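# Architecture at a glance
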Amino acid sequence: MQISEATFQFPNQTSFYRGKVRDVYGIGNHLLMITSDRISAFDVVLPKLIPFKGQVLNQIASYFLNATRDIVPNWLDRKSVV
């Protein structure tokens, strides 16, 4: 399944922003970023999607945040969950 747009409504949602490749939801004092399969180059969103791009980018970020959590605190260490 390719994700080109996320159209969610969250309890206590205060804002919404659609970027070139991410959708950002404001929920109270938190931001929820959903990475899509959209791709952009030179500030243009390209018509074809890259399957699982968002999933792969999130897995890479998770890997490196876990690998460096003993060096510097990061958002994976936060105890609060939206």
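Our structure is the block above this text.
Attention here is on the structure that accompanies the text. Each chain has its residues counted from 1, running along the sequence as written. In keeping with the model being predicted, local features are shown solely for residues with a pLDDT of at least 70 and side-chain atom pairs are shown and tallied solely at 80 or more, while totals for entire chains, interfaces and linings include all residues. The basis for every side-chain value is the complete set of heavy atoms in the structure, and neither hydrogens nor water enter the calculation.

### Looking at unusual backbone geometry
One non-glycine residue, asparagine 12, adopts positive backbone phi at about 65°. Only runs of H or I of at least four residues qualify as helices and only runs of E of at least two qualify as strands under DSSP, and these elements are numbered from the N terminus. Inspection of the secondary structure puts asparagine 12 in the segment before β1 (13-18). Its identity as a non-glycine residue notwithstanding, phenylalanine 52 has a phi of 65°, on the positive side. Within the secondary structure, phenylalanine 52 is located in the loop between β5 (44-45) and α1 (53-67).

### Considerations on α1
Here, expected helix span is obtained from the residue count minus one, scaled by 1.5 Å. Taking 1.5 Å of rise per residue, the 15 residues of α1 would be expected to cover 21 Å, and the 21 Å separating its terminal C-alpha atoms lies within 8% of that figure. For α1, every residue scored as buried is listed here: Lys53, Gly54 and Leu65. Projected down its long axis, α1 carries its buried residues within an arc of 95°, all on one side. In this description, contact between two residues means that some pair of their heavy atoms is separated by no more than 4.5 Å. Those residues of α1 hidden inside the fold are in contact with β3 (30-35). With a 1.4 Å probe rolled over the protein chains alone, any residue whose accessible area is under 20% of its type maximum counts as buried; one over 50% counts as exposed, and the rest are partly exposed. An arc is given here, and it is the one of the directions from the helix axis to the C-beta atoms.

### Description of the pattern of salt bridges
Salt bridges are identified by distance alone: a Lys or Arg side-chain nitrogen within 4 Å of an Asp or Glu carboxyl oxygen. Across all of its chains, the model carries 1 salt bridge by this definition. For arginine 18, the salt bridge identified is with aspartate 23, shortest N-O distance 3.0 Å.

### Section: a nonpolar patch on the surface
Taken together, Phe52, Val56, Leu57, Ile60, Tyr63 and Phe64 make up a surface patch of nonpolar side chains, about 590 Å² in accessible area. The exposure class assigned to tyrosine 63 is exposed, which follows from its relative accessible area of 53%. Grouping into patches uses exposed residues only, defined as over 30% relative accessible area, and leaves out salt-bridged ones; the cut-off is 9 Å for like charges and 5 Å for nonpolar side chains (Val, Leu, Ile, Met, Phe, Trp, Tyr). To be clear on the numbers: accessible area is Shrake-Rupley with a 1.4 Å probe, and residue cover counts the displayed protein chains and nothing else.

### Remarks on the pairing of β1
Only strands that DSSP links by at least two bridges are regarded as paired with each other. Relative to strand β2 (residues 22-27), β1 runs antiparallel, the two sharing 5 bridges. Opposite tyrosine 17, over in β2, you have valine 24 as the bridge partner.

### Re the packing of aromatic side chains
Two aromatic rings, drawn from Phe, Tyr or Trp (for Trp, its six-membered ring), form a pair once their centres lie within 6.5 Å of each other, and the interplanar angle then sorts them: stacked below 30 degrees, edge-to-face above 60, tilted otherwise. With the rule as written, the count across this model stands at 5 aromatic pairs. On the numbers, 4.9 Å between centres and 50° between planes, the contact of phenylalanine 16 with tyrosine 25 is tilted. Here tyrosine 25 falls in the buried class, since its relative accessible area comes to 1%. Chaining the aromatic ring pairs together yields one cluster made of Phe8, Phe10, Phe16 and Tyr25.

### Description of the sheet that holds β2
In space, the 3 strands of this open sheet follow the order β1-β2-β3, with antiparallel pairing throughout. Lying at the two open borders of the sheet, with one neighbouring strand each, are β1 and β3. Geometrically, the sheet is characterised by an average inter-axis angle of 20° between neighbouring strands, direction not taken into account. What counts as an axis is a line fitted to C-alpha atoms, over the stretch in contact for a helix, and the angles between N-to-C directions run from 0 to 180 degrees.

Scope: geometric values only; no functional claims are made or implied.
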